[in-house]
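# Per-entry structural report
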Amino acid sequence: MSVTVRVPAKVNVQLAVGAARPDGFHELANVFLAVGLYDEVTATPSPDGLRITCDGPDAAQVPLDRTNLAARAALALAERYGRAPDVHLHIAKDIPVAGGMAGGSADGAGALLACDALWGTGASREELLDICADLGSDVPFSLVGGAALGTGRGERLTELEVGGAFHWVFATATRGLSTPAVFREFDRLAEGRDISEPTASRPVLDALAKGDPDALAAAVTNDLQPAALSLFPDLSATLAAGREAGALAALVSGSGPTTAFLARDEETAEKIAEALRSTPACRTARTATGPVPGATVL
Ligand SMILES: C[C@](O)(CO)[C@H](O)COP(=O)(O)OP(=O)(O)OC[C@H]1O[C@@H](n2ccc(N)nc2=O)[C@H](O)[C@@H]1O
Ligand SMILES: Nc1ncnc2c1ncn2[C@@H]1O[C@H](COP(=O)(O)OP(=O)(O)OP(=O)(O)O)[C@@H](O)[C@H]1O
């Protein structure tokens, strides 16, 4: 017997970053949109205890020990329910690793839901969301999917209405960026400046509610973009190439280095992806639409 859960990647259509808090995290107004690039996590009983395996194009970069977010999720659920974490978790990885698309978070949320179903723990949605928040700031959103505003460090979610499908292109980069390093660079660039309280952008929320790509393109912002570009300057050329190929908006996805391009329709998205594939810092370019549902048992 085994349980497979499918979990989407995310793009941040607004990422407003406040000052660093005493615990080192930054207060955020984080508008998440789940997009149709997926990891699948399969949980199978394992008599020899917890075991992690992974396949997919970026599998070599994924840790297979207890630092893997999927392993941490299984351990957290097992501990809460006083049982042994005797599970084999296989991750079929399609979300770029260290790309700013919440791939590790997706695996954490997926493993949690898969183990909950396999073990019949019957944890409430609330409990699952609590465990997700302990695992990482992006993990609750991976469980919920759709579109949501994340406040606090991004873990406190308010679900958002979306009036239509948005077409995206994602360009993965020739190397990764570490999320803590990008936040540190944000702090360095912000030194000596007043940082205002992060608040959700009305134009972003309205554009999502209407399903209007032009309005969303005019409204998207990412306060981490200057920090990501400072650490990875070649991404500027990728952004410019996407705009030139017809993207309505071009931005760094979360902490990067994946870049995200909003397209008017599927056909333009394919054209933009084709143009991006020949830019130097781009490894691959993929199209996807959002919103899509969060972690789902298949
Ligand atoms: C950049 C985003 O992906 C945007 O959605 C998230 O803010 C990052 O979420 P995540 O990868 O789940 O991050 P976590 O695992 O919670 O934190 C990793 C590290 O990122 C930094 N971090 C993260 C979230 C936050 N609100 N402030 C931070 O400063 C901290 O250095 C933290 O140690
Ligand atoms: N299941 C996992 N998949 C990928 N990376 C993982 C996983 N568990 C732990 N990691 C570690 O986390 C690091 C960041 O990987 P991840 O793919 O989650 O980054 P990310 O997409 O930039 O995250 P985010 O968008 O949430 O900031 C990796 O370099 C790896 O060492």
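Residues numbered from 1 in each chain as written. Chains lettered and ligands numbered in written order. Predicted model: local features only at pLDDT ≥ 70, side-chain atom pairs only at ≥ 80, totals over all residues. Heavy atoms only, no water.

### Considering the nonpolar core
- Val13, Val87, Leu89, Trp168, Phe170 and Leu216 are the most contacted members of the largest nonpolar core, which has 67 residues in total.
- The dominant element in this core, judged by the number of residues it contributes, is helix α2 (residues 103-119), at nine residues.
- If you count residues domain by domain, this core takes at least three from each of domain 1 (3-160) and domain 2 (166-290).
- The next biggest cluster of nonpolar side chains, apart from the first, holds 30 residues, and it includes Phe186, Leu235, Val252 and Phe261. (Core = buried A, V, L, I, M, F, W, Y, C linked by side-chain atoms within 4.5 Å. Buried < 20%, exposed > 50% of the residue type's maximum accessible area, 1.4 Å probe, protein only. Helix = DSSP H or I, 4+ residues; strand = E, 2+ residues; numbered from the N terminus. Domains from an automatic or database assignment.)

### Structural notes on the packing of aromatic side chains
- Summed over all chains, the structure comprises two aromatic pairs.
- Geometrically, the ring pair formed by Phe32 and Phe141 is stacked, given 4.5 Å between the ring centres and 5° between the ring planes. Here Phe32, found in strand β2 (residues 26-45), pairs with Phe141, found in helix α4 (residues 139-144); they are 109 residues apart in sequence, far enough to count as distant.
- Note on Phe32: relative accessible area 0%, which makes it buried.
- Taking 6.1 Å as the distance between ring centres and 20° as the angle between the ring planes, the aromatic pair formed by Trp168 and Phe170 counts as stacked. (Phe/Tyr/Trp six-rings, centres within 6.5 Å; stacked < 30°, edge-to-face > 60°.)

### Points about the UniProt feature "domain: GHMP kinase N-terminal" (unreviewed entry) in the protein
- With numbering matched to this structure, UniProt assigns "domain: GHMP kinase N-terminal" (unreviewed entry) to residues 68-146.
- Secondary structure across residues 68-146 comprises 58% helix and 8% strand; the distance between its end C-alpha atoms is 25 Å. (UniProt positions renumbered as here; feature names shortened; annotations may be inferred.)

### Quick notes on the domain arrangement of the protein
- What the domain assignment lists for the protein is domain 1 (3-160) and domain 2 (166-290).
- Using C-alpha coordinates to define each centre, domain 1 is positioned 22 Å away from domain 2.
- Both sides together, the interface formed by domain 1 and domain 2 hides about 2,600 Å², and carbon and sulfur atoms give 65% of it.
- Summed over the three residues of domain 1 that lose the most area to domain 2, namely Val13, Leu15 and Val17, the buried surface amounts to 21% of that side.
- On the surface where domain 1 and domain 2 come into contact, there are two salt bridges.
- A salt bridge links Asp94 to Arg286, with the nearest nitrogen and oxygen atoms 2.7 Å apart.
- Taken together, the connections running from domain 1 to domain 2 amount to 15 residue pairs in polar contact (both at pLDDT 80 or more).
- Listed by contribution, the elements that provide at least two residues to the side of domain 1 that touches domain 2 are β1 (3-20) and β2.
- The element best represented in the side of domain 1 that touches domain 2 is β1, accounting for 11 residues. (Buried area = accessible area lost by both parts, 1.4 Å probe. Salt bridge = Lys/Arg side-chain N within 4 Å of Asp/Glu carboxyl O. Polar contact = N/O pair within 3.5 Å; in protein donor to acceptor, adjacent residues only side chain to side chain.)

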